Amino acid sequence: GPRVDAEQLAGRGRARTADVVVGAGVIGSSIALELASSGRSVVVVDRASGPGQGSTSASSAVVRFNYSTWDGIALSWEAKHCWERWAEHLGGVDETGMARFHRVGMVFLDVDVAPLERVLPMFDRAGIPYEHWDADELAQRVPGIDPGRFWPPRRIDDPGFWEDATTRLGALWTPDAGFVDDPALAAVNLASSARRRGAAFLFGHAVTEVLGGTGTEGVRLSDGSVVSAPVVVNAAGPWSGALNALAGVGAGWSVGVRPLRQEVHRVPAPAGFNPSGALGPVLVDLDLGTYVRPTPGEGLLVGGTEPECDPLQ
């Protein structure tokens, strides 16, 4: 279809025709790049002032392959190769700067709720390298870790939180996992690449109405203008459930979407965790309900894995 740029889209209350992506985070900007690359006319609407300024900017940006379905594993493995060849994926280097993938590996502690016998056959099918460590090797390979089994996760005000471990855990090591150091910049990179292919971005515009069935399909924006489109792609992140409601869809779906507050802290890394001149691994510890991810500058990001003992906000 015809290309649409921002100047063509200017004009209060005027209808424009395109395929619309709602949300300019790392997902929405990536979708925009793929749609624009396929020759479609693409408009991206976001109420923020630039790409990646919503939940994307607060992401720990871990690149991992431990998912419970084949689709999740295959998609994440394919994406890893895109992160490794980021400029090639974008079709050039962004003058703003480039997000960087750090291949530091991931240590996924053994837990009954994520049995390896379900995951490893899919790893083999995808060709994902891995090693299974026992508790001794885990303790040797990850400085500062206690390989004790403390399941189930407990809150600090639970007396059981202080009980000593009586058994030990091993871990699954995937050397190709890692993290992206600046997820907001990754969204900027994707948006810039999408723009080079003709996509237009409308920032500072919230969607107030999803139109359909009345002769006009598309979205109405907070300034009163309309973007007419046969397809609206919902990539609105935490707001996607509300956008579904505007469109009158989602009530009968088996998977619901709602905002969830996540708590992530930056703390100093323990001695020896980050090797000299390098970074330590990502560590996923469902046994205690936490994960840690290294940061440049001798730090760790520590977040939760939504254990049952923590209330969901």
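Our structure's up above, just so we're on the same page.
Read on for a plain summary of the structure. As the structure is a computational prediction, the values presented were derived from the model and not from experiment.

Take the environment of Ala79 next. Mapped onto the elements, Ala79 comes out in helix α3 (residues 70-84). Ala79 sits 109 residues away from Val188 along the chain, and the two C-alpha atoms are 17 Å apart.

Okay, a nonpolar patch on the surface next. A surface patch of nonpolar side chains, amounting to about 370 Å² of accessible area, comprises Ile156, Phe161 and Trp162. Along the chain, Ile156 falls in the loop between α6 (135-141) and β8 (171-174).

This part covers unusual backbone geometry. Across the junction of Trp151 and Pro152, the peptide omega takes the value 0°, indicating a cis bond. Its location among the elements puts Pro152 in the loop between α6 and β8. Even without glycine at this site, Glu298 takes up a positive phi of about 60°. Secondary-structure assignment places Glu298 in the loop between β17 (290-295) and β18 (299-304). Residues other than glycine seldom take positive phi values, yet Glu306 does so here, at roughly 60°. With respect to the element layout, Glu306 can be found in the segment after β18.

On to a negative patch on the surface. Taken together, the side chains of Asp157, Asp158, Glu163 and Asp164 make up a negatively charged region of the molecular surface. In this fold, Asp157 is placed in the loop between α6 and β8.

Turning to its location among the elements, Ser29 is positioned in helix α2 (residues 26-37). Owing to a relative accessible area of 0%, Ser29 belongs among the buried residues under this scheme. Residues within four places of Ser29 in sequence aside, it is in contact with Gly23, Ala24, Pro51, Ala187, Leu190, Ala191, Ala194 and Phe201.

The next thing to look at is the pattern of salt bridges. Inspection of every chain in the model, using the stated rule, returns 10 salt bridges. A salt bridge links Arg168 to Asp136, with the shortest nitrogen-to-oxygen separation between them at 2.3 Å. Of this pair, Arg168 sits in the loop between α6 and β8 while Asp136 sits in helix α6, and the two are 32 residues apart along the sequence. The exposure class assigned to Arg168 is partly exposed, which follows from its relative accessible area of 48%. Between Glu209 and Arg220 there is a salt bridge; the shortest N-O distance is 3.1 Å. Taken together, the residues span a long stretch of sequence, with Glu209 in strand β11 (residues 207-211) and Arg220 in strand β12 (residues 218-221) at a distance of 11 residues. Salt bridges sharing common partners tie together Lys80, Glu84, Arg103 and Asp176.

Thresholds applied
Residues numbered from 1 in each chain as written. Predicted model: local features only at pLDDT ≥ 70, side-chain atom pairs only at ≥ 80, totals over all residues. Heavy atoms only, no water. Helix = DSSP H or I, 4+ residues; strand = E, 2+ residues; numbered from the N terminus. Patch = residues over 30% accessible without salt bridge, like charges linked within 9 Å, V, L, I, M, F, W, Y side chains within 5 Å. Areas by Shrake-Rupley, 256 points an atom, 1.4 Å probe, with all protein chains shown as cover. Salt bridge = Lys/Arg side-chain N within 4 Å of Asp/Glu carboxyl O. Lys, Arg positive; Asp, Glu negative; His and termini not counted. Charge placed at Lys NZ, Arg CZ, Asp CG, Glu CD. Buried < 20%, exposed > 50% of the residue type's maximum accessible area, 1.4 Å probe, protein only. Contact = heavy atoms within 4.5 Å.

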